[in-house]
Amino acid sequence: MSLVYMNIMTAFMVALAGLLMYRSHLMSSLLCLEGIMLSLFVMASLTILNSHFTLASMMPIILLVFAACEAALGLSLLVKVSNTYGTDYVQNLNLLQC
Amino acid sequence: MNLFSSFTLITLLLLTIPIMTTSSDNYKTSNYPLYVKTTISYAFITSMIPTMMFIYTGQEMIISNWHWLTIQTIKLSLSFKMDYFSMMFVPVALFVTWSIMEFSMWYMHSDPNINQFFKYLLLFLITMLILVTANNLFQLFIGWEGVGIMSFLLIGWWYGRADANTAALQAILYNRIGDIGFILAMAWFLTNLNAWDFQQIFALNPNDSNMPLMGLALAATGKSAQFGLHPWLPSAMEGPTPVSALLHSSTMVVAGIFLLIRFHPLTENNKFAQSILLCLGAITTLFTAMCALTQNDIKKIIAFSTSSQLGLMMVTIGINQPYLAFLHICTHAFFKAMLFMCSGSIIHSLNDEQDIRKMGGLFKAMPFTTTALIIGSLALTGMPFLTGFYSKDLIIEAANTSYTNAWALLMTLIATSFTAIYSTRIIFFALLGQPRFPTLITINENNPFLMNSIKRLMIGSLFAGFIISNNIPPMTVPQLTMPYHLKMMALTVTILGFILALEISNMTQNLKFNYSTNIFKFSNMLGYFPTIMHRLTPYMNLTMSQKSASSLLDLIWLENILPKTTSLIQTKMSIMVTNQKGLIKLYFLSFLVTIAVSMILFNFHE
């Protein structure tokens, strides 16, 4: 596989690691989620453009739409948490009170 | 022939001149009230000429000068109808207004806005004359609304007083409800007869005139304070006494009755309308006379007396005697205005005391006012050969001998005796006995304005009935023969009322205070009508609208059914089924480790 794919895959791995391992802020996990989405988008676009598979070229766009939706959802959850506790520290999420 | 139309128009034009010179220097001097009074006296004299021509030759006239607009098939123009009714009413109104203007030069002397007061009174007079001389319903409506507006402005003259503002608003609201009936009648005439002119309406003579006559009856109920829309009239006594004398005794409140009299060719063919008007008038006259029996404010007693006499006029229309009702309008104006002016003289002399329980002994202290009050009360109760006799006694006789509702007749007779009772009450409490007012005496009735105006109306109360009824052209044949007891009926009940009231009033001199009986409370609280209607109806309206619009629609349907219910169910369910403890980092870390291990394992697997 060419170097480009290797590069993008590395970006994906790094962002995945960042999503699953974070110290205190919930926001960093959301940022890494965006990174995952970005790398997926670039990889899909590159593959489709390289193989001239025009029919599937709507897939990255739909992927982008859904990424925006889930980013909004994640941000709203962050805002709810931040409303209750003032910060978005993860150690606050130990009480499942509603 | 030539002078008729020109003098009519001169009369109407003369009255508008003081209004048009408002912006000039004339309005700002202290001479303006005298100027207005003199203008009205000149207008009275010029209006006597067409009246005398009418009396001598029976000539009527319609002046139709300016074509205003034509809407599809109806033509609206400025037209004045000078017939029996307007010819007789205009001089009477101008005479009474002349006296009231002179009186208010004394009464409102210390008011800084006296010029504005006179302007308002003059505007009222102009709109009243527009109403009376109108030949089509549109012009009449202009005058109708005009008197309503001026009534509002004049009742709320002392606008710093909350009661006065409430009373003015009450007058407007009740009049508005009557205006609905007026508009209904106008709409019916427009769509069915294509006319707003009286001549065309009467020429077409519709047979199904129930609807417009009920509309006009509603309009008269509102404007003339018949039962159901009556509370505004006693509340209107918040205005100054000249306002009460002019508007709410002689001129404005008879506008409703005048409207019904104008439509007498329609009412004389409609038995249903006559019965309705008869019963309405009978209820009004009895109820308001009953309310007048226990009031303590001298102006309110006279206001209820006015209301009772208006009910009597309505009864007269109900027995198909419009000309008698009109005669009663003209004679009633004299003594009622004079009664109000006497009460104004008493009020001012006792330093703004209006409660009759705090007056007394004025018989010797104010002889002139005493004389006028007693003459006015006697004229009101129908003492033979005074003014009221010529109209009131004829009405009672006509009612007694006509084929009519016996209950309404009985009510009217009882109300006649009540008239005598409350008149005696006023005389007894205000004039006779020992003084009950504070000892610092400010009694003074020596002013020539006061004395001349009351003198003029006193002569009117004594002789106007005789003069008018001997000079008008006879329109109906009065009932000439009747049994002895029917002829004496009015006089008998009146004398009975006098004796009864005097006896009871004498008995009340030395009683200890006992708590009011239920009947007394009924009469004193005006039959609980204002208490119920002014509180219950708005409360129910507001509660119903709050419940339906705010609670039901807004709070429940729009907010609660979908959005809040969804969120409530979600939270409760998630609390119920969850078994998580948080620990996100641990879960993420285990996920990462699992993925890494599985990727490494399955990469090197074959």
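What counts, and where the lines are drawn
Residues numbered from 1 in each chain as written. Chains lettered and ligands numbered in written order. Predicted model: local features only at pLDDT ≥ 70, side-chain atom pairs only at ≥ 80, totals over all residues. Heavy atoms only, no water. Helix = DSSP H or I, 4+ residues; strand = E, 2+ residues; numbered from the N terminus. Rg over C-alpha atoms; globule rule 2.2 N^0.38 Å. Contact = heavy atoms within 4.5 Å. Areas by Shrake-Rupley, 256 points an atom, 1.4 Å probe, with all protein chains shown as cover. Lys, Arg positive; Asp, Glu negative; His and termini not counted. Charge placed at Lys NZ, Arg CZ, Asp CG, Glu CD. 1 Å grid on protein atoms, 1.4 Å probe; cavity = no way out; pocket = protein on both sides within 12 Å on 5 of 7 lines; lining within 4 Å. Points joined across faces, edges and corners; volume = space filled by probe spheres on them. Nonpolar A, V, L, I, M, F, W, Y, C, P; charged D, E, K, R; others polar. Axes fitted to C-alpha atoms, helices over the stretch in contact; angles between N-to-C directions. Parallel < 35°, antiparallel > 145°, perpendicular 65-115°, else oblique. Left-handed = near helix turned anticlockwise from the far one by under 90°. Patch = residues over 30% accessible without salt bridge, like charges linked within 9 Å, V, L, I, M, F, W, Y side chains within 5 Å. Salt bridge = Lys/Arg side-chain N within 4 Å of Asp/Glu carboxyl O. Buried < 20%, exposed > 50% of the residue type's maximum accessible area, 1.4 Å probe, protein only. pLDDT = per-residue confidence, 0-100. Pairing = 2+ DSSP bridges. UniProt positions renumbered as here; feature names shortened; annotations may be inferred. Expected span 1.5 Å × (residues − 1). Polar contact = N/O pair within 3.5 Å; in protein donor to acceptor, adjacent residues only side chain to side chain.

A.B. asks: Tell me about the overall build of chain B, and please be specific about residues and values.
C.D. replies: Along its length, chain B carries 25 helices and two strands. Whereas a compact globule of 606 residues would reach a radius of gyration of roughly 25 Å, chain B reaches 33 Å, over 25% beyond that. For chain B, long-range pairs separated by at least 24 residues make up 81% of all intrachain contacts whose partners lie at least 6 apart in sequence. A total of about 28200 Å² of accessible surface is found on chain B, and carbon and sulfur atoms cover 68% of it. Separation between the mean location of the 30 positive side-chain charges and that of the 23 negative ones in chain B comes to 7 Å.

A.B. asks: Talk me through empty space enclosed by the protein; I want residue IDs and the actual numbers.
C.D. replies: All names here are of chain B. For the coordinates displayed, the defined rule picks out six cavities of 30 Å³ or more. Elements with a minimum of two residues in the lining of the largest cavity: α1 (2-20), α2 (32-57) and α3 (84-107). Considered class by class, the residues forming the lining of the largest cavity number six nonpolar, four polar and no charged.

A.B. asks: Describe the packing of α1 of chain B against α2 of chain B, with residues and values.
C.D. replies: All names here are of chain B. Running from N to C, α1 and α2 cross one another at 165 degrees; their axes reach a closest spacing of 9 Å. One way to sum up the angle between α1 and α2 is to call them roughly antiparallel. Crossing of α1 over α2 shows left-handed handedness.

A.B. asks: Let's hear about a nonpolar patch on the surface: which residues, and what values?
C.D. replies: A surface patch of nonpolar side chains, amounting to about 760 Å² of accessible area, comprises Phe522, Met525, Tyr528, Ile532, Met533, Leu536, Tyr539 and Met540 of chain B. At five residues, helix α24 (residues 529-577) of chain B tops the list of elements feeding residues into the nonpolar patch.

A.B. asks: Could you give an account of unusual backbone geometry, naming the residues involved and the relevant values?
C.D. replies: Residue and element names in this part refer to chain B. Here the phi dihedral of Ala225 falls at roughly 55 degrees; this positive angle occurs in a residue that is not glycine. We classify Ala225 as buried; its relative accessible area is 0%. If you check the backbone angles, Tyr528 has positive phi at about 60 degrees while not being a glycine. Residue position: Tyr528 is located in the loop between α23 (518-524) and α24. The exposure class assigned to Tyr528 is partly exposed, which follows from its relative accessible area of 32%.

A.B. asks: Residue-level account of the environment of Phe437 of chain B, with values.
C.D. replies: Assignment of secondary structure puts Phe437 of chain B in the loop between α19 (406-430) and α20 (448-471). Sequence separation of Phe437 of chain B and Glu353 of chain B is 84 residues, and the distance between their C-alpha atoms is 8.5 Å.

A.B. asks: Talk me through the confidence of the model for chain A; I want residue IDs and the actual numbers.
C.D. replies: With 94% of its residues at a pLDDT of at least 70, chain A reaches an overall mean of 89. Here helix α1 (residues 3-20) of chain A is the element of chain A with the lowest mean pLDDT, 92, and helix α2 (residues 26-50) of chain A is the one with the highest, 94.

A.B. asks: Account for the pairing of strand β2 (residues 74-82) of chain B, with residues named and values stated.
C.D. replies: On any regular strand, side chains alternate: one points to one face of the sheet, the next to the other face. All names here are of chain B. Most of β2 is tucked away, with seven of its nine residues classed as buried. Bridge count between strand β1 (residues 61-71) and β2: nine bridges; the pairing is antiparallel. Residue Met61 lies in a different strand from β2, and its bridge partner there is Met82. Connecting β1 to the next strand, β2, in antiparallel fashion are two residues, including Gln72 with a positive phi near 55 degrees.

A.B. asks: How would you explain the UniProt feature "domain: NADH-Ubiquinone oxidoreductase (complex I) chain 5 N-terminal" (unreviewed entry) in chain B if you had to name every residue and give the values?
C.D. replies: According to UniProt, the "domain: NADH-Ubiquinone oxidoreductase (complex I) chain 5 N-terminal" (unreviewed entry) feature falls on residues 68-118 of chain B. Its end C-alpha atoms 31 Å apart, residues 68-118 of chain B is made of 57% helix and 25% strand.

A.B. asks: Give me helix α13 (residues 271-292) of chain B: which residues, what numbers.
C.D. replies: With 22 residues, α13 of chain B extends 31 Å between its outermost C-alpha atoms, agreeing within 8% with the 32 Å of an ideal straight helix rising 1.5 Å per residue. At the N-terminal boundary of α13 of chain B, the capping side chain belongs to Asn270 of chain B, with an oxygen 3.3 Å from the backbone nitrogen of Phe272 of chain B.

A.B. asks: Describe the packing of α19 of chain B against helix α22 (residues 489-507) of chain B, naming the residues involved and giving the relevant values.
C.D. replies: Each pair of packed helices gets described by two things: the angle between the helix axes and the distance between those axes. Residues and elements named next belong to chain B. Two elements in contact, α19 and α22, have axes whose closest approach is 8 Å; the angle formed by their N-to-C orientations is 40 degrees. The angle between α19 and α22 falls in the class oblique. Between α19 and α22 the crossing geometry is right-handed. Contact with α19, carried on its side by Leu413, Thr416, Ser417, Ala420, Ile421, Thr424 and Phe428, involves Met489, Val493, Thr494, Gly497, Phe498, Leu500, Ala501, Leu502, Ser505 and Asn506 of α22 and no other residues of that element. Per-class residue counts for the contact of α19 with α22 are 10 nonpolar, seven polar and no charged.

A.B. asks: Which residues make up the pattern of salt bridges, and what values go with them?
C.D. replies: Once their charged atoms are close, side chains differing in charge can pair, the charge on each being opposite to the other. Residues and elements named next belong to chain B. For the structure shown, the criterion picks out 11 salt bridges over all chains. One salt bridge connects Glu145 with Arg176, and the closest N-O pair in it is separated by 2.9 Å. Of this pair, Glu145 sits in helix α5 (residues 137-155) while Arg176 sits in helix α6 (residues 162-193); the two residues are 31 residues apart in sequence, bridging distant segments of the chain. Its relative accessible area of 42% is what places Arg176 among the partly exposed residues. Lys487 is the salt-bridge partner of Glu397, the closest N and O atoms lying 2.8 Å from each other. Of this pair, Glu397 sits in helix α18 (residues 387-400) while Lys487 sits in helix α21 (residues 484-487), and the two are 90 residues apart along the sequence. Glu397 sits in the buried class, given a relative accessible area of 6%. Through salt bridges with shared partners, a single ionic network connects Lys37, Glu102 and Arg456.

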